[in-house]
Amino acid sequence: MAGRVSQSTIEQIRAASDIVDVIGNYFPLKRAGGNHVALCPFHKEKTPSFNINPQRQIYHCFGCHAGGDVFKFIQEYEHVDFMESVNRLAERAGIVLEFEQNPEAEKSRRLKDTLYKIHEQLAQRWHTVLLNDAIGKPARDYLKGRGITEAAVKEFRVGFAPPSWEDTVNWAQAQKHDRQLMEQAGLVASKEGHYYGRFRSRLMFPINDEQGRVIG
Ligand SMILES: [Zn+2]
Ligand SMILES: [Zn+2]
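- Labelled according to an unreviewed UniProt entry, the protein appears under the name Zinc finger CHC2-type domain-containing protein, originating from marine metagenome.
- Here is the UniProt Cofactor (unreviewed entry) comment for the protein, exactly as written: "Zn(2+)".

Right, dumping it as structure tokens:
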């Protein structure tokens, strides 16, 4: 199994699986007041002691004390485990099962995604600085002097990291990126509690990984 089915998916399946409908598909039920009764499928009997309570969505047999919810009924009646009861009721209700990933793997995947996102955003900012910002003028002039066209700058998404030590730190703050994350991303460093950008007055060439994401 790839992971656990989330509790919310289970509740969604439960809500779509009325216990009277589900059990009523297996054998006939009779109304008795607010409940439904039947001959118990789990023990031999001549008068019905198997009760279904639609309000509470549970069944109970007063003869053999079998009882539970709709998932429990499927498990007992079909001789399957809990996951299989979830599968069958999901299929009956037309609900696609979503699995939770391993929480640790999920956490590290999310962190990696966040770091990628930060690199990507900062690469975009530095690129914009180089193309349009007044701070980028010296870098633009430098590239022009070396015969590098704006088209090439755009194609390779070259950027310019402004000279200020605080620039990246301030940018991160405006973007609400955590400083520790910025440090983990290798974009800021800290000394005696002061954070500063690691890249300053520099042309930046984004390094894309095989998926086209910015990694440095
Ligand atoms: Zn019974
Ligand atoms: Zn009982």
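### Concerning the overall build of the protein
So, point 1. When its secondary structure is counted, the protein shows 9 helices and 11 strands.
So, point 2. For a compact globule of 216 residues, the expected C-alpha radius of gyration is about 17 Å, and the protein comes in at 31 Å, more than 25% above that figure.
So, point 3. Considered along the principal axes of its C-alpha atoms, the protein spans approximately 100 × 40 × 30 Å.
So, point 4. Split into buried and exposed, the 216 residues of the protein put 36% on the buried side.
So, point 5. Considering only residue pairs separated by 6 or more positions, the protein has 53% of its internal contacts joining residues 24 or more positions apart.
So, point 6. Counting only carbon and sulfur atoms, one obtains 51% of the accessible surface of the protein, whose full area is about 13,500 Å².

### Structural notes on the nonpolar core
So, point 1. With 25 residues, the main nonpolar core has Ile 13, Ile 23, Phe 50 and Tyr 59 as its most contacted residues.
So, point 2. Core analysis: the second largest hydrophobic core is formed by 15 residues, Leu 115, Ile 118, Ala 161 and Leu 187 among them.

### Re the domain arrangement of the protein
So, point 1. Structurally, the protein comprises domain 1 (4–100) and domain 2 (104–204).
So, point 2. Spacing between the C-alpha centres of domain 1 and domain 2 amounts to 57 Å.

### Some words on the pattern of salt bridges
Any two side chains of opposite charge can pair, on the condition that their charged atoms come close.
So, point 1. By the definition in use, this model includes 9 salt bridges.
So, point 2. The shortest N-O distance in the salt bridge between Glu 78 and Arg 88 comes to 3.5 Å. Of this pair, Glu 78 sits in helix H3 (residues 70–78) while Arg 88 sits in helix H4 (residues 82–93), and the two are 10 residues apart along the sequence.
So, point 3. The class for Glu 78 is partly exposed, based on a relative accessible area of 28%.
So, point 4. With a closest N to O distance of 3.2 Å, Lys 154 and Glu 150 form a salt bridge. A residue pair is termed a helical-turn pair when its members lie 3 or 4 positions apart in one helix, as Lys 154 and Glu 150 do in helix H7 (residues 150–155) at 4 residues.
So, point 5. Judged by its relative accessible area of 45%, Lys 154 is partly exposed.
So, point 6. A cluster of three or more residues bridged by salt bridges with shared partners is formed by Glu 11, Arg 14 and Asp 69.

### Here we look at the sheet that holds strand E5 (residues 58–61)
So, point 1. Spatially, the 5 strands line up as an open sheet ordered E2-E3-E4-E5-E6, and their pairing is antiparallel. Lying at the two open borders of the sheet, with one neighbouring strand each, are strand E2 (30–32) and strand E6 (67–68).
So, point 2. Judged from the 3 bridges that link them, strand E3 (residues 35–38) and strand E4 (residues 50–53) form a sheet pairing that is antiparallel. Among the inter-strand pairings, Val 37 is bridged to a residue of E4, identified as Asn 51.

### Things to note about the packing of helix H5 (residues 103–132) against helix H8 (residues 167–174)
So, point 1. Contact pair H5 / H8: the axes reach a minimum separation of 12 Å and the direction vectors enclose 120°. One finds that H5 runs oblique with respect to H8. Viewed along their axes, H5 and H8 form a crossing whose handedness is right-handed. Side by side, H5 and H8 meet where Ile 118, Gln 121, Leu 122, Arg 125 and Trp 126 of the first sit next to Asp 167, Thr 168 and Trp 171 of the second.

Definitions and cut-offs
Residues numbered from 1 in each chain as written. Chains lettered and ligands numbered in written order. Predicted model: local features only at pLDDT ≥ 70, side-chain atom pairs only at ≥ 80, totals over all residues. Heavy atoms only, no water. UniProt positions renumbered as here; feature names shortened; annotations may be inferred. Helix = DSSP H or I, 4+ residues; strand = E, 2+ residues; numbered from the N terminus. Rg over C-alpha atoms; globule rule 2.2 N^0.38 Å. Buried < 20%, exposed > 50% of the residue type's maximum accessible area, 1.4 Å probe, protein only. Contact = heavy atoms within 4.5 Å. Areas by Shrake-Rupley, 256 points an atom, 1.4 Å probe, with all protein chains shown as cover. Core = buried A, V, L, I, M, F, W, Y, C linked by side-chain atoms within 4.5 Å. Domains from an automatic or database assignment. Salt bridge = Lys/Arg side-chain N within 4 Å of Asp/Glu carboxyl O. Pairing = 2+ DSSP bridges. Axes fitted to C-alpha atoms, helices over the stretch in contact; angles between N-to-C directions. Parallel < 35°, antiparallel > 145°, perpendicular 65-115°, else oblique. Left-handed = near helix turned anticlockwise from the far one by under 90°.

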